[in-house]
Amino acid sequence: MNKPKNIHDALSKISRKLSAVYGDIGLYLDNPGEYQPEFFEDVKTCAMDAQMLLTWVRDQLGESK
């Protein structure tokens, strides 16, 4: 994951990553028999990246706890 340029960039990246997670989960739910457990490794990575970006935004805003 590339470091965001600014908070707006980070929020855009979070939005794209969450949309990807939502889309992948939707694909799985539409036809779960077509997917192997490994499919969720990318979903997991994407969600973890979104969490790291959120932490970065909090740090930039001085609200990290």
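Residues numbered from 1 in each chain as written. Predicted model: local features only at pLDDT ≥ 70, side-chain atom pairs only at ≥ 80, totals over all residues. Heavy atoms only, no water.

This next bit is on the packing of aromatic side chains. Describing an aromatic ring pair means giving the distance of the ring centres and the angle of the ring planes. Following the criterion strictly, the structure yields 4 aromatic pairs and no others. Aromatic side chains F39 and F40 sit 5.2 Å apart centroid to centroid with 80° between the ring planes, which places their arrangement in the edge-to-face category. By way of ring pairs, the aromatic residues Y28, Y35, F39 and F40 are connected into one cluster. (Phe/Tyr/Trp six-rings, centres within 6.5 Å; stacked < 30°, edge-to-face > 60°.)

Take the side chain of K13 next. Tracing the chain through its elements places K13 in helix α1 (residues 7–30). When near neighbours in sequence (up to four residues on either side) are disregarded, K13 contacts N2, P4 and L53. (Helix = DSSP H or I, 4+ residues; strand = E, 2+ residues; numbered from the N terminus. Contact = heavy atoms within 4.5 Å.)

As for its position among the elements, V57 is in helix α2 (residues 39–61). A relative accessible area of 6% means that V57 is categorised as buried. Note: C-alpha distance between V57 and L27 (30 residues apart in sequence) is 30 Å. Among all residues touching V57, those that are not within four sequence positions of it are I7, A10, L11 and I14. (Buried < 20%, exposed > 50% of the residue type's maximum accessible area, 1.4 Å probe, protein only.)

Here we take up α2. Compared with an ideal rise of 1.5 Å per residue, which puts 23 residues at 33 Å, α2 spans 34 Å between its outermost C-alpha atoms and is within 8% of the ideal. For α2, every residue scored as buried is listed here: F39, V43, C46, D49, A50, L53, W56 and V57. After α2 finishes, the residue G62 shows a positive phi value of roughly 75°. (Expected span 1.5 Å × (residues − 1).)

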